[in-house]
Structures are given as C-alpha cells and as structure tokens.
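A closer look at the structure
Next come the chains, spelled out residue by residue.
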Amino acid sequence: MKFKAFLTDNGVNLLEKRFLPALDKIGKTCHLYLTRDNAIFLHNLLNGDGVQSVAQFRIQALFDDYRISSQNDDRIAFTIDVSLLLRALRSTVSISSEYGADVAAPDSDSSNRLQIKLVKKLPPNCTVAMPFLTVETRGYKSAVIQDIPISKPLSRAQVVELQNALEMAQDLPQTLVQVPDLIQLQNFVDRMKNVGDVLNVFISKYGDLRVDVSTTLISLGAEFRKLLVIGEQANEPAEDQNLSARSRSSKSISRGDGQTVQVSVKHFSKSLQCHLSKPDCAFYGIAPQGSCLTMIFQFFIPGSRQSDKSISLHCRLPVLDPGSS
Amino acid sequence: MSSWDEAPDVVCHLENVQGLVDVLTAARWKRHQFALLEFSEHGVVLIVEETACLQAKVYLKRDLFIRYDYNAHSRRRFGLSLGLFVDCLNAFSVPAHSNLIQIQYPGPQMQLLLKSVDSPDASICAEISTRIPETIAWDYNFEPAGANPLTFTVKSAALKEAIEDLEWPGSSIQIILEPDPPSVTLRGEGHGDLQIDFMYYANSDLLVAFQCDQRTSFKYKYKFLRATISNMPSSVLKENRGSKLSIGRGGMLKVQHLVSIAKPSVSHAYGGDPVGYQQSGRIAHIEFYVKPEESDD
C-alpha cells in the first residue's frame with residue numbers, strides 16, 4: 001500500500017483556504033478515501049447519525065505526480081483529524097511563503113513543493129509502528145516534515161462498505177431549489193438556535209423554501225419564494241399566492257407539490273458552514289420519501305458560469321423522527 | 001379564521017429592530033422572565049418585575065414606530081416570555097439590512113405576530129403565544145422624599161463599571177448622598193469593604209448633575225442594583241448618555257435610562273445626509289424601581 005503525491009498550489013489553496021475550514025466545522029474527523037481518479041473527504045458515511053458530507057476532488061484538482069497503489073484496486077481509505085491536516089497545511093504555507101520571499105527565481109518552486117505521503121513510523125515510547133500522513137515542505141535551506149496520525153487503513157470489506165455508502169449518497173432529490181444567500185441564512189439560523197432545537201424545512205416545486213422552528217410557545221420561520229428550481233417544477237396556483245405561508249405550504253403538500261422534513265437546528269447550522277468553501281451556488285432538496293435533506297454546492301470554473309466538474313461538495317442531513325421531537 | 005377579516009387591535013411598523021432588541025435586553029436580568037406588555041394609543045409599555053422588590057418598565061412611545069395603528073377601545077395587556085420575545089426579535093435583525101418589521105396583536109390564537117415586511121420573496125415570520133397576566137403589576141408609586149428631589153445623574157458606563165466592581169464585597173450596597181461636599185458614595189460591605197465615591201466638583205464629567213439637601217443613605221440588594229445597569233448593551237453605553245438615579249420616599253430608588261433606537265447611521269452607506277434619521281424623538285425610556293433593604297435612619 002503506497003501513496004505519494006505533490007500538492008499543487010491550487011490544491012493547497014483549495015484545501016487550506018476553503019474546504020478544510022468548512023469540513024472542520026462539520027466534524028473533527030473524517031474519512032479520506034483515495035482512488036486512482038479521486039480524493040474524497042467523507043463525514044459520517046459509515047456511522048449514521050451526524051451530518052453526512054462528501055467533498056470530492058479529481059486528482060488533477062489537487063495533486064500532480066500522484067502515485068497510489070494497493071492490493072484493493074489501488075484504493076486507500078483511512079480516518080484523519082481534519083483540524084490537524086488543516087494546521088499542517090497552514091504552517092507549510094507560511095513556511096513556503098517565507099522561502100518564496102527569499103528565493104526570487106521562478107524555477108525554484110520545484111524545490112519548494114509540498115509532498116504528501118503515507119508512512120509507517122515508530123512513535124516515541126511505542127513498540128508498534130503507526131500510520132501517518134506526512135506533509136513535507138522543502139525550503140531553500142531546510143525541510144519541514146509534519147506527521148499527522150491517521151487510523152489504520154480500512155480493510156477491503158470496509159472500503160467496499162464506504163464505496164457503497166458513497167454511491168448511495170449520490171441520489172439526487174427530484175426537486176432542488178437554489179438558496180439565495182447562505183451567509184444571511186446562517187445568521188438567521190444561528191439566532192433560531194436560541195428558540196428551539198428542531199427545524200422544519202419545507203421545499204416546493206414552485207420554488208418555495210421555508211425553514212421554521214416551532215414550539216408550544218413560539219414559532220419563528222423564514223420563507224423564500226420564487227427561487228430557481230432544478231428538476232421537477234410546477235407553477236403555483238394563482239389562488240394560493242396571497243395565502244399565509246403556512247396554509248400555502250400545507251396546500252402544496254396535499255397536492256404533492258411540496259415536501260417537509262424535520263432536521264436538527266444544529267445539523268442545519270453546521271451544514272451552512274459549507275459556505276466557507278466559497279461555493280458559487282447552493283441547492284436544497286428533500287430526498288424521496290423524505291429520507292434526508294440534501295444540500296448540493298456548486299463551484300464554477302474561475303471566471304466563468306460553468307460548473308467545475310473536478311470539485312463537488314454535498315451534505316445530507318438526517319431527518320428526525322417526528323415522534324421523537 | 002374569521003378574526004383575520006377584522007382589523008387587529010394593534011399593527012405597528014418599526015424600522016430598527018436592533019434598537020428594540022437593545023432596549024429590551026437592558027431589562028433582561030435572567031433567562032426566564034415573564035413580562036407584561038401593554039399597548040395603548042400612546043405606545044407600548046413593557047413591565048418586568050421580581051419578587052416585589054425590583055421592577056423595570058420600558059416605554060416605547062408611538063413616535064418610535066413609523067406606523068402605529070391602534071384600533072382597540074381599551075388598553076390591551078398580556079403576558080409573554082421576555083427571553084423568547086428578545087431572541088425572536090433578534091432573528092429579525094440582520095446586520096447591514098434595513099429590517100423593517102411589523103408587529104401585530106392579536107393573532108387568531110391571541111398570539112403576538114411579527115413579520116418582516118422588506119421583501120415579498122424573502123420574509124421572516126414569528127408567532128409568540130401570550131397569556132393572560134396573573135397579577136396586575138405592582139404599582140411602585142414613586143414619590144419624592146421631601147420638598148426637594150434627591151437625584152443625581154451619572155454617566156451610564158461609569159455607573160455600570162462601579163456596580164460591577166462592587167460585586168466583590170457582595171450582598172448589599174449602600175448608596176449615600178452627601179450635600180456638602182456634594183458627592184455620591186456607593187459602599188459595599190461583606191468579604192471586605194469597597195467604597196466608590198463620585199465627587200461632584202472633582203468628577204463633573206462623570207457625575208453630570210446632583211441635587212440633594214440632606215445626607216441620605218439607603219441599602220439595596222446587590223443583585224437588584226446590578227440588574228438596573230449590567231444588561232445594558234455596550235452599543236448603548238457607547239452613546240455616552242447619563243443615567244438618572246432618584247431616591248424617593250422610604251428609600252425607593254428609581255433608575256432611568258434613555259436609549260436611542262434611531263436607525264444606525266452606518267446603514268446609510270448610499271450617501272445622502274443622515275440628519276433625517278437623527279430624530280431626537282426616537283428615544284426609548286427605561287425605568288427601574290428598586291426597594292431598599294432597610295432604612296438607615
């Protein structure tokens with residue numbers, strides 16, 4: 001089992017400035033799943049109850065000179081502490097930028113590259129070698145090596161399980177609505193946390209999104225209308241236009257044009273932290289049978305309105321049992 | 001739903017939600033507090049009290065609202081959770097947005113209804129259940145102690161700092177007014193003594209006004225004194241206003257604050273003169289009444 005690659009500048013930038021800060025908010029540890037074509041960060045795919053997130057990168061988006069081999073079809077997966085990886089990358093970035101200031105020659109970046117590889121080492125006071133992901137920066141006069149402890153690589157059966165979970169998580173909801181302003185929504189949801197724990201999310205084919213918290217003493221909600229709809233859509237009957245938000249949503253549910261699920265406010269708020277990855281748009285949808293709330297983030301090729309197929313990020317929020325609230 | 005067809009008793013529109021949040025936060029000294037809200041043709045009064053020793057009243061005159069429709073014949077009075085009300089209003093306050101909200105009472109189930117009315121395609125709504133108030137708020141009946149009022153005005157930030165410093169001796173705080181030389185002393189005894197003097201002549205920037213013709217001294221529970229100032233949002237303290245303290249008959253202490261709830265001038269980045277928004281009328285009044293522990297005289 002071998003893995004060795006160089007992180008490109010773009011890759012470092014994507015991970016250090018955008019994705020790892022977002023993933024760190026979702027959960028402390030995640031699976032890093034490396035294949036011949038993709039590097040995938042997965043949260044909570046095997047152990048059910050938290051926010052599931054999948055951040056997938058084509059190898060070219062992050063690495064060059066990428067070498068991977070394993071007896072399991074060149075697939076390697078392990079768990080890693082996101083915050084440690086982020087810290088390691090941050091410090092290497094600060095080191096290499098220091099060197100970058102010293103070394104003016106443009107061809108010097110080849111000596112100044114960031115290598116990342118899987119190693120087994122004997123830690124101090126241990127008798128058994130442990131696996132590490134090593135991040136190595138070679139500067140002008142010195143090298144900095146950082147070892148990030150990781151779990152034992154997953155067994156063949158576990159990798160199969162992870163791959164299956166990943167495939168299951170790709171199901172798209174039939175209707176997706178585009179969320180207007182993630183940061184504003186985040187602000188609102190953060191304030192909602194004081195009022196209640198359970199969030200009702202309603203999405204309709206008319207382009208309505210409603211999030212509300214409701215207890216016996218208070219109900220507080222935000223409603224967005226006329227959002228861009230992807231997938232199945234419908235026109236709202238004219239007679240509904242002027243009804244209250246609540247009666248419109250119950251009418252559209254009875255017509256089969258809307259769906260509602262309950263999720264944890266905390267989970268919802270965590271998933272909103274994905275805005276740290278600076279997506280160009282975000283879409284929400286409810287999976288068939290209301291099995292989960294899906295959030296899909298889209299990234300454009302810089303300077304265009306074309307979706308960048310080499311990066312993808314989506315989250316799935318577990319739905320609460322209506323009885324348990 | 002027939003009640004929707006009739007005009008509700010009160011519909012009002014407010015421009016600066018954050019201002020209202022700040023004012024109400026000042027009267028929020030613990031997590032679960034029951035408040036009495038009263039609408040009348042003159043405006044809104046919110047009353048919070050504790051164990052018949054401490055009462056806060058927040059006055060929001062109708063001029064504070066950009067629209068205030070009052071259709072009832074008598075005062076409308078109901079109880080609600082102050083904490084939920086503040087948390088809920090807070091959700092309407094989005095930084096760097098204008099935050100125009102509508103407050104309406106009653107809803108179909110006697111709720112207080114709140115709604116943002118900025119944009120038809122993105123709105124925030126809330127319904128807060130209300131209840132019938134159990135007791136009529138105790139009337140504190142503040143009367144001057146003698147022919148001349150006993151009163152002083154001190155910079156709110158300085159008062160807050162002094163009262164926070166007095167936390168260390170604890171339990172009860174003595175307030176002493178001395179006519180000659182004119183001074184105010186706050187004194188705590190407990191785990192050690194601490195005395196803070198405001199001398200009128202020496203600290204005229206802190207002690208802004210002073211009126212007293214005889215030595216007066218009363219003791220107040222520390223936690224009640226702290227409640228009168230410690231929850232004042234720092235944005236309000238930065239306005240550098242004064243708080244007026246008066247001692248009435250029997251040592252009843254009245255603490256009055258003025259809080260501006262005008263729109264923050266930062267939100268007028270689109271140019272133009274913000275003078276139109278600096279109406280001096282856009283001031284909310286907060287009054288606290290604190291009963292003394294015992295008489296010294």
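Read on for a plain summary of the structure. Numbering of residues starts from 1 in every chain and runs along the sequence as written. All chains are assigned letters beginning at A, and all ligands numbers beginning at 1, according to the order in which they are written. Restriction of local features to residues with pLDDT of at least 70 applies here, the model being predicted, together with a cutoff of 80 or more for giving and counting side-chain atom pairs; totals for whole chains, interfaces and linings are based on all residues. Neither water nor hydrogens contribute to the side-chain values; these are computed over all heavy atoms in the structure.

Describing the sheet that holds strand β12 (residues 182–190) of chain B
Residue and element names in this part refer to chain B. Here, any two strands with at least 2 DSSP bridges between them count as paired. The helix and strand labels rest on DSSP assignments: H or I over at least four residues marks a helix, E over at least two residues marks a strand, and numbering proceeds from the N terminus. Overall, antiparallel pairing links the four strands, which are arranged β13-β12-β11-β15 in an open sheet. Of all strands in the sheet, those with a lone pairing partner are β13 (192–199) and β15 (216–221), marking the two edges. When the angles between neighbouring strand axes are averaged without regard to direction, this sheet yields 15°. Bridge count between strand β11 (residues 172–179) and β12: eight bridges; the pairing is antiparallel. From the neighbouring strand, Glu-178 faces β12, where its bridge partner is Ser-183. Contacts are assigned to residue pairs with any non-hydrogen atoms lying within 4.5 Å of each other. Axis definition: a line fitted to C-alpha atoms, limited for helices to the stretch in contact. Angles are taken between N-to-C directions and run from 0 to 180 degrees. Across the sheet, helix α3 (residues 156–165) lies against β12 and β13, angled at about 165° from β13, the strand it touches most.

Description of the pattern of salt bridges
Salt bridge, as applied in this entry: a Lys or Arg side-chain nitrogen positioned within 4 Å of an Asp or Glu carboxyl oxygen. Applying the stated rule across the entire model yields 33 salt bridges over all chains. Several salt bridges converge on common partners, so that one network encompasses Asp208(A), Glu223(A), Arg225(A), Glu236(A) and Arg248(A).

Some words on the packing of helix α5 (residues 182–192) of chain A against helix α7 (residues 265–272) of chain A
The axes of two packed helices give the description: the angle between them and the distance between them. All names here are of chain A. Their axes nearest at 10 Å, the elements α5 and α7 cross at an angle of 155°. Classed by the angle they form, the pair α5 and α7 counts as roughly antiparallel. Crossing of α5 over α7 shows left-handed handedness. Of the residues in α7, those in contact with Leu-182, Leu-185, Gln-186, Val-189 and Asp-190 of α5 are Val-265, Phe-268, Ser-269 and Leu-272. Taken together, the residues of the contact of α5 with α7 break down into six nonpolar, two polar and one charged. Our angle categories are set so that under 35 degrees counts as roughly parallel, over 145 as roughly antiparallel, 65 to 115 as roughly perpendicular, and the remainder as oblique. Put simply, a crossing is left-handed when the front helix is turned counterclockwise from the back one by less than a right angle, and right-handed when it is turned clockwise. Three residue categories are used. Nonpolar comprises Ala, Val, Leu, Ile, Met, Phe, Trp, Tyr, Cys and Pro, charged comprises Asp, Glu, Lys and Arg, and polar comprises the others, including Gly.

Concerning the pairing of strand β6 (residues 76–81) of chain A
Regular strands show a simple pattern: their side chains alternate between the two faces of the sheet. Residues and elements named next belong to chain A. When accessible area is computed with a 1.4 Å probe and restricted to protein chains, residues below 20% of their type maximum are described as buried, those above 50% as exposed, and intermediate ones as partly exposed. Counted residue by residue, β6 has five buried out of six residues, so it is predominantly covered. As judged from the six bridges shared by strand β2 (residues 29–34) and β6, these two strands associate in the antiparallel manner. Pairing of His-31 across the sheet is with Thr-79, part of β6.

A few points about the sheet that holds strand β16 (residues 281–286) of chain A
All names here are of chain A. One open sheet holds the nine strands; their spatial order is β6-β2-β3-β4-β18-β17-β16-β10-β14, and the pairing between them is antiparallel. On the outer flanks of this sheet lie β6 and β14 (229–231), each paired with one strand and no other. Shown here is a sheet whose adjacent strand axes are inclined to one another by a mean of 20°, direction ignored. Relative to β16, strand β10 (residues 175–178) runs antiparallel, the two being bridged by three bridges.

What about the state of the cysteines?
Residue and element names in this part refer to chain A. Throughout, disulfides are identified as pairs of cysteine sulfur atoms within 2.5 Å of each other. Counted according to the given criterion, the structure contains zero disulfides over all chains. Lacking any disulfide linkage, Cys-30 is separated from the closest cysteine sulfur, that of Cys-274, by 12 Å. A residue is classified by how much of its surface remains accessible, and Cys-30, at 3% relative accessible area, is buried.

What to know about unusual backbone geometry
Here the amide bond leading from Tyr105(B) into Pro106(B) is cis, since omega sits at -5°, within 30 degrees of zero. The residue Pro106(B) is located in the loop between β7 (101–105) and β8 (112–116) in this model. The residue after Asp180(B), namely Pro181(B), is reached through a cis peptide bond having omega -5°. With respect to the helices, strands and loops of the structure, Pro181(B) is situated in the loop between β11 and β12. Positioned with a positive phi, Asp74(A) is a non-glycine residue whose angle comes to about 55°. Judged by relative accessible area, which is 18%, Asp74(A) ranks as buried. For Asn125(A), which is not glycine, the phi dihedral falls at a positive 60°. Inspection of the secondary structure assignment puts Asn125(A) in the loop between β7 (114–121) and β8 (130–138).

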